[in-house]
Amino acid sequence: MLKIQNLAVHYGMIQAVHDVSFEVNEGEIVTLIGANGAGKTTILRTISGLIRPSQGSITFEGSEITKIAPQKIVAGGLSQVPEGRHVFAGLTVMENLEMGAYLRKDNDTKADYEQVFQKFPVLKERKNQDAATLSGGEQQMLAMGRALMSKPKLLLLDEPSMGLAPIFIKEIFSIIQEINQQGTTVLLIEQNAKMALSVADRGYVLETGKVVLSGTGSELLESEEVKKAYLGG
Ligand SMILES: Nc1ncnc2c1ncn2[C@@H]1O[C@H](COP(=O)(O)OP(=O)(O)OP(=O)(O)O)[C@@H](O)[C@H]1O
Ligand SMILES: [Mg+2]
């Protein structure tokens, strides 16, 4: 579904991503794990069209999207939940969800709001509340709900567990699995390697802008290198 080939990304003279290749098949949860500064967000923003690569190609469902405008990429079925959520603080919960549906060509959104509320009941309780007044975990749920309102075929999540209490982390990961089981393919970026690998079909380990290891989620969980570097020994 998504194929990244020999991707390189520069910020001015600094190269943040070096010759990265990986793929995500339809129906999978694939995770990209790595430490601070490994290049995870850079890769995600490049896939979404927000940063232009200096080399390489990105194809989504067989079409090259490397030079496509971000809003067209979203309309084509690829939606991202950015690092740090970035909900629209001055808008209500409901208005944030409406923004997620903005690029849709159909008006048949009613059932999708219901689905989002069923996954995240707290958003229904707070639908008229300003997004700025939500807790961090609730904002993460809103950012995910907003992305789901665009009806993505592929959902990109950038560190959904960041800054959340363990109970919220568990809930977020179980909802990611539910979203996947309902037919959405997921690319999950995480520093929480243990949680990410335990829900992922496959994973890639990124170090200073390079893929250094790949395998199934369980293979990587068992890998000595991963254990040493990411799972505390
Ligand atoms: N706008 C920018 N200008 C210059 N350098 C940048 C910019 N954004 C990121 N970088 C650099 O690119 C490298 C990769 O950063 P990136 O944000 O992709 O890492 P990350 O893996 O998402 O890290 P984290 O887990 O901390 O979010 C880092 O060395 C960072 O300093
Ligand atoms: Mg990041």
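Everything below is about the structure printed above this text.
Now for a look at the structure at hand. (Residues numbered from 1 in each chain as written. Chains lettered and ligands numbered in written order. Predicted model: local features only at pLDDT ≥ 70, side-chain atom pairs only at ≥ 80, totals over all residues. Heavy atoms only, no water.)

## Topic: the packing of helix α3 (residues 93-100) against helix α6 (residues 136-148)
Two quantities define a packed helix pair, namely the angle between the axes and the distance from one axis to the other. At a minimum axis separation of 7 Å, α3 and α6 run at an interaxial angle of 35°. Between α3 and α6 lies a crossing whose hand is right-handed. On α6, the residues touching V93, N96, L97 and G100 of α3 are L142, G145 and R146. (Axes fitted to C-alpha atoms, helices over the stretch in contact; angles between N-to-C directions. Helix = DSSP H or I, 4+ residues; strand = E, 2+ residues; numbered from the N terminus. Left-handed = near helix turned anticlockwise from the far one by under 90°. Contact = heavy atoms within 4.5 Å.)

## As for the coordination of the magnesium ion (ligand 2)
Here the magnesium ion (ligand 2) is held by the protein donor atoms T41 (OG1) and E83 (OE), which lie 1.9 to 2.4 Å from it. Here T41, found in helix α1 (residues 40-47), pairs with E83, found in the loop between β6 (78-81) and α3; they are 42 residues apart in sequence, far enough to count as distant. (Donors = N, O, S within 2.8 Å, 3.2 Å for Na, K, Ca; no water.)

## What to know about the sheet that holds strand β9 (residues 202-207)
Two orientations exist for strands paired in a sheet by backbone hydrogen bonds: parallel and antiparallel. The mixed open sheet is built from six strands, whose spatial order is β6-β7-β8-β3-β9-β10. Edge positions in the open sheet fall to β6 and β10 (210-216), since each of these has one partner strand only. With strand direction ignored, the average angle separating the axes of adjacent strands in the sheet is 15°. Direction of pairing for strand β3 (residues 29-33) relative to strand β8 (residues 185-190): parallel, over a ladder of five bridges. Within β8, the position partnered with V30 by the bridge is L187. (Pairing = 2+ DSSP bridges.)

## Looking at the site of ligand 1
Lining the immediate environment of ligand 1, one finds 13 residues, of which N36, G37, K40, T41 and T42 sit closest. Between ligand 1 and the protein, one listed contact pairs an oxygen atom with a side-chain N or O atom of K40 at 2.7 Å. Between an oxygen atom of ligand 1 and a side-chain N or O atom of E83, the distance comes to 2.9 Å. (Near = heavy atom within 4 Å. Polar contact = N/O pair within 3.5 Å; in protein donor to acceptor, adjacent residues only side chain to side chain.)

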